[in-house]
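Below, each chain spelled out in residue letters.
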Amino acid sequence: MKCLELMDVSYRYEGSKDYVLKKISASFEAGKVYAIVGESGAGKSTLLSLLSGLDSCKEGTILYNGKNLQEIDRDEYRSKNVGVIFQNYNLLLNSTAVYNITLSMKISGDMASKEQAYALLKNVGIDRETTDRKILKLSGGEQQRVGIARALAHNPDVIIADEPTGNLDEKTEAEILEIFTHLAQEDGKCVIIVTHSDNVSSVGDVVYRIAGGKISTIG
Amino acid sequence: MYLFTNAIKNLGRNKGRNMLIAVITLAIIISTVVTLTINNAAARVVDDIRLDLGSRVSVRQDFIEMRQMGLDGRRDAQHIPLTDFVAFSESEFLRHTTFSADVLAWSDSLFAIDDPNLGEGTRVLDDGSVMNEETLRLVTISDPELLPDFGTLREIVDGRMFDGINEAVISEALAAHNDISVGDTIEIIGAYATDRMFSLTVVGIYSDATDEYLNPWITMFGLFPALNRRNEIIASFDTLLASSWETNAGLDIDFHYFLSNPDYLEAFEVEVRAMGLPFTYNVDINRAAFERVTGPLAGISSAAFTFMVVVLVLGAITLGLMSYMAVRERKYEVGVLRAMGLERGRVAIGIISEAVMIAAVCLVIGLGVGSAVAQPIANGMLSGRVAEAEAVENPGANRALFAGGQMQIGDGTAGYVPVSEIQLNLGVDIILQIIIITLGLAALTSIIGVVIITQYEPLIILRERT
Ligand SMILES: Nc1ncnc2c1ncn2[C@@H]1O[C@H](COP(=O)(O)OP(=O)(O)O)[C@@H](O)[C@H]1O
Ligand SMILES: [Mg+2]
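What you see is a predicted model, and the numbers here were worked out from it, not measured in a lab.

(A) Main features of the overall build of chain B. A count of helices and strands for chain B gives 12 helices and 14 strands. Counting every position in chain B, which comprises 466 residues, the buried fraction comes to 38%. Pairs at least 24 apart in sequence give 87% of the contacts found in chain B among residues at least 6 apart.

Below is the structure:
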């Protein structure tokens, strides 16, 4: 089942003549892991911000479950349907790890339980002692894990990750990838991961490459 | 709900900045509380005075007009029946009237203190008639409660206050001077109307701590017993009415007609003129006295108000700037929240409720502190202003003006000056006003920042950071 679908999407940043994305079409299904690869500056992050509803595309159409993202409430889409793991984490720095998670639950309208948040954080390798520390006092790797946990906190259909394992050691990377494949295969989520890492792209059911503003499938 | 708990958490996360905002807000609230309580109390006092002094009409002889008449050789009616003055009090424009009239008197059986002639003095008037030298003063008043010094400088020490007709009270000094005790009868004669005899029963004797002479210059040209306050014989106005005194000739009258509304003055004057009050009488509210009494209060009100406006404007600007800076500082936080799917409106609610919560805490503290310091501040301001007002006042002009055989005592401000203290209290209306001002200010200043911040798309905010 098609969860997200791009149809002839073109995008250029405001004030720039050059298109970063040129009439690209692609589809993403529930239950699968997608890897997106490409050189630095190719437009991977740009594509993710369109898919996650943080930015809107004026040319072409993006459908979520058949509905045009241009037309639906993108605040609600972000809070309920999609979980984003940012390249630079984007966590609330003055709050604790666990608060970042529970707040995400609350914004989506879910019942927030600290226990659930602790469990989520434990799954991504954050121990109980670290959960109550402010984000500011966590290492890059720890922040990345909290970012992953937050993306999953409100149980979204789509999980979008920008270089999610860039700051993790190989052992943790393997654990995180395990989680992603589990989410796709067991829970039927649509997982989209931008990556440089071959380890990561190897778990992708589909691997897209972006180059020259175009998108193509590998393998 | 989580918006509010988040707001509370945020207050703790930014202690320094929030403390600063709280201090400014507190300053605004305290100065507003002080100003409003002072203004309110001042307005209330001015209202009271307006109802009293401001609506108190005096009907008095115009000495300048009378002097001119004398120079012109006119002989217009100068005196009208006493009963006419009483009839004026029936006017529908009045709510209340007080009468007092003093009679300069003489007696050959009751010797006045400071009397050099021991009751033997006589004087030949211009028209050839002989007049006894006045040595005593019969003070009559419609209500003994209105006697200014009783309860403060004067105290009945023997017997009681006068009640019925032909009852009188005298000072201890006068009683001792003549060996009079309660129950004795005294006989006095009007100095300018020698056929008028008062036979009064002394029902009370009072201690007297007032100054013998109101102004030292009175004794400069020799002793003047009728102006010595120990020589007052105090009785009811009805005693005067019951005597055969027909007009106000030889009387120092002080009739106060209280208008039911200060604006009725003109209508009242028209009415009493129609009833026969000659133009040698002035019908007027003592504006100078009214202003002298209310002036300090008005001064304080406007000073306090100016101060409040300055504090409010400066405070609002500071709070606005701080809110703007705070929000710029929090741009990233807002970006994250927006990225997490929190709508603009909810972000705004969160930030505004933080400001309102600070304001609410400040309100509680500010109302307490403000109401505690308002009284001492008001007293401080008042003592300065009253001193100022009293310095302007000419000390001689106030009392004991002797002219045309008539004595004018006081200008009606006795009992008002000095208004050295006004009682302040924090009414519900003031609390309400302050709550509205504070919450309004908090909301207004936070809205500035909120409007700016929620304009941004989350992606732009987050991108700026990297
Ligand atoms: N805010 C922006 N304004 C203008 N150009 C931008 C902006 N952000 C990114 N770009 C440009 O768009 C292109 C794609 O960037 P990006 O999507 O971040 O690439 P990637 O994530 O694949 O490294 C790059 O050439 C980059 O310089
Ligand atoms: Mg990128």
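(B) Structural context of the overall build of chain A. Scanning chain A from terminus to terminus reveals 8 helices and 10 strands. Here chain A holds 219 residues, and the buried ones make up 47% of them. Counted over contacts in chain A with a minimum sequence separation of 6, partners at least 24 positions apart contribute 70%.

(C) How the structure looks around the interface of chain A and chain B. Across the contact, 18 residues belong to chain A and 14 residues belong to chain B. Counting only elements with at least two residues in the side of chain A that touches chain B, the list comes to α2 (74-81) and α3 (97-107) of chain A. Considered class by class, the residues forming the side of chain A that touches chain B number 6 nonpolar, 7 polar and 5 charged.

(D) Representation of the site of ligand 1 within the structure. The local shell around ligand 1 consists of Tyr13(A), Ser16(A), Val20(A), Gly38(A), Ser40(A), Gly41(A), Ala42(A), Gly43(A), Lys44(A), Ser45(A), Thr46(A) and Arg463(B). Among the chains of the assembly, those with residues near ligand 1 are chains A and B. The element contributing the most residues to the shell around ligand 1 is helix α1 (residues 44-51) of chain A, with 3 residues. Classifying every residue of the shell around ligand 1 gives 3 nonpolar, 7 polar and 2 charged.

(E) Structural context of the confidence of the model for chain B. All names here are of chain B. Put simply, chain B has an average pLDDT of 80, and 84% of its residues get 70 or more. Within the model, the stretch residues 389-419 combines pLDDT values under 50 with 55 contacts to residues more than four positions away or in other chains. Quick note on the complex model: pTM equals 0.65, ipTM equals 0.93.

(F) The arrangement of the packing of helix α8 (residues 287-329) of chain B against helix α11 (residues 428-455) of chain B in detail. All names here are of chain B. Across the interface, α8 lies against α11 with an axial gap of 8 Å and an inter-helix angle of 35°. The way α8 lies across α11 gives a crossing that is right-handed. From α8, Ala 316, Leu 319, Gly 320, Ser 323, Tyr 324, Ala 326 and Val 327 reach across to α11, where they touch Leu 441, Thr 445, Ser 446, Ile 448, Gly 449, Val 450, Ile 452 and Ile 453. Of the residues belonging to the contact of α8 with α11, the class tally is 10 nonpolar, 5 polar and no charged.

(G) Structural view of unusual backbone geometry. Residue and element names in this part refer to chain B. For Asn 166, which is not glycine, the phi dihedral falls at a positive 65°. Its location among the elements puts Asn 166 in the loop between β6 (154-159) and β7 (167-171). In the Ramachandran plot, Asp 179 falls in the positive-phi region, its phi being about 60° despite a non-glycine side chain.

(H) Local environment of the nonpolar core. Judged by nonpolar contacts, the single largest core of 119 residues is most densely connected at Ile36(A), Leu121(A), Val191(A), Ile192(A) and Ile193(A). Ranked by residue count, the leading element in this core is helix α2 (residues 15-52) of chain B, at 14 residues. Discounting residues that sit within four places of it in the chain, Ile193(A) has contacts with Val33(A), Tyr34(A), Ala35(A), Ile36(A), Ala161(A), Pro164(A), Phe180(A) and Val200(A). Within the second largest apolar cluster, 52 residues are counted, among which are Leu110(B), Ile188(B), Leu240(B) and Tyr281(B).

(I) Representation of the sheet that holds strand β5 (residues 67-68) of chain A in the model. Residues and elements named next belong to chain A. Pairing is antiparallel across the open sheet formed by 4 strands, whose spatial order is β2-β1-β4-β5. This sheet does not close on itself; its edge strands, each paired only once, are β2 (21-29) and β5. For strand β1 (residues 2-11) and strand β4 (residues 59-64), the ladder comprises 5 bridges, and the chain directions are antiparallel. Bridged to Glu 5 within β4 is Leu 63. Most of the contacts of α1 go to β1, to which it runs at about 125°, and overall it touches β1, β2 and β4.

(J) View of the sheet that holds strand β8 (residues 190-194) of chain A. All names here are of chain A. Taken in spatial order, the 6 strands line up as β6-β7-β8-β3-β9-β10 in an open sheet, and their pairing is mixed. Single-partner strands in this sheet number two, and they are β6 (82-85) and β10 (214-218). Taken pair by pair, the neighbouring strands of this sheet meet at an average axis angle of 20°, ignoring direction. Its contacts with the sheet put helix α7 (residues 170-185) on β3 (33-38), β7 (158-162) and β8, and the angle it makes with β8 is roughly 150°.

(K) Quick look at the pairing of strand β1 (residues 56-61) of chain B. Residues and elements named next belong to chain B. Direction of pairing for β1 relative to strand β11 (residues 251-259): antiparallel, over a ladder of 4 bridges. Considered in β11, the bridge of Val 59 is made with Phe 255. Here β1 pairs with strand β12 (residues 281-285) via 5 bridges, running antiparallel. Pairing of Val 57 across the sheet is with Ile 285, part of β12.

(L) Geometry of helix α6 (residues 140-153) of chain A. All names here are of chain A. With 14 residues, α6 extends 20 Å from end C-alpha to end C-alpha; this agrees with the ideal 20 Å at 1.5 Å per step. Along α6, 12 of the 14 residues are buried, which leaves the element largely enclosed by surrounding structure. Along α6, the positions that sit buried rather than exposed are Glu 142, Gln 143, Gln 144, Arg 145, Val 146, Gly 147, Ile 148, Ala 149, Arg 150, Ala 151, Leu 152 and Ala 153. Backbone geometry just after α6 places Asn 155 at a positive phi near 55°.

(M) Representation of the pairing of β11(B). Residues and elements named next belong to chain B. Among the 9 residues that make up β11, 7 are buried, leaving the element largely enclosed by the rest of the structure. Pairing geometry for strand β2 (residues 94-106) and β11, over 9 bridges, is antiparallel. By the bridge assignment for β11, Phe 99 is matched with Phe 255.

(N) The arrangement of α11(B) in detail. All names here are of chain B. In this model, α11 (28 residues) spans 40 Å end to end at C-alpha, consistent with the 40 Å of a helix rising 1.5 Å per residue. The principal kink in α11, of about 25°, is found at Ile 447. Residues of α11 that are buried include every one of Ile 430, Ile 434, Thr 438, Leu 441, Ala 442, Thr 445, Ser 446, Gly 449, Val 450 and Ile 453, and no others.

(O) Main features of the environment of Tyr64(A). All names here are of chain A. With respect to the helices and strands, the residue Tyr 64 is situated in strand β4. For the pair Tyr 64 and Phe 28, spaced 36 residues apart in sequence, the C-alpha separation works out to 9.6 Å. Dropping the residues within four chain positions of it, Tyr 64 is found in contact with Leu 4, Leu 69, Tyr 77 and Asn 81.

(P) Spatial organisation of the packing of helix α4 (residues 114-123) of chain A against α6(A). Residues and elements named next belong to chain A. Packing of α4 against α6 brings their axes to within 9 Å, and their N-to-C directions diverge by 130°. Taken together, the axes of α4 and α6 lie oblique to each other. For the element pair α4 and α6, the recorded crossing hand is right-handed. Of the residues in α6, those touching α4 at Ala 117, Leu 120 and Leu 121 are Val 146, Ala 149, Leu 152 and Ala 153. Looking at side-chain class alone, the contact of α4 with α6 contains 7 nonpolar, no polar and no charged residues.

Rules used throughout
Residues numbered from 1 in each chain as written. Chains lettered and ligands numbered in written order. Predicted model: local features only at pLDDT ≥ 70, side-chain atom pairs only at ≥ 80, totals over all residues. Helix = DSSP H or I, 4+ residues; strand = E, 2+ residues; numbered from the N terminus. Buried ≥ 20, exposed ≤ 12 C-beta atoms within 10 Å, placed from the backbone. Contact = placed C-beta atoms within 7 Å. Nonpolar A, V, L, I, M, F, W, Y, C, P; charged D, E, K, R; others polar. Near = placed C-beta within 6 Å. pLDDT = per-residue confidence, 0-100. Axes fitted to C-alpha atoms, helices over the stretch in contact; angles between N-to-C directions. Left-handed = near helix turned anticlockwise from the far one by under 90°. Core = buried A, V, L, I, M, F, W, Y, C linked by C-beta atoms within 7 Å. Pairing = 2+ DSSP bridges. Expected span 1.5 Å × (residues − 1). Bend = angle between axes of the 7 residues up to and from the residue. Parallel < 35°, antiparallel > 145°, perpendicular 65-115°, else oblique.

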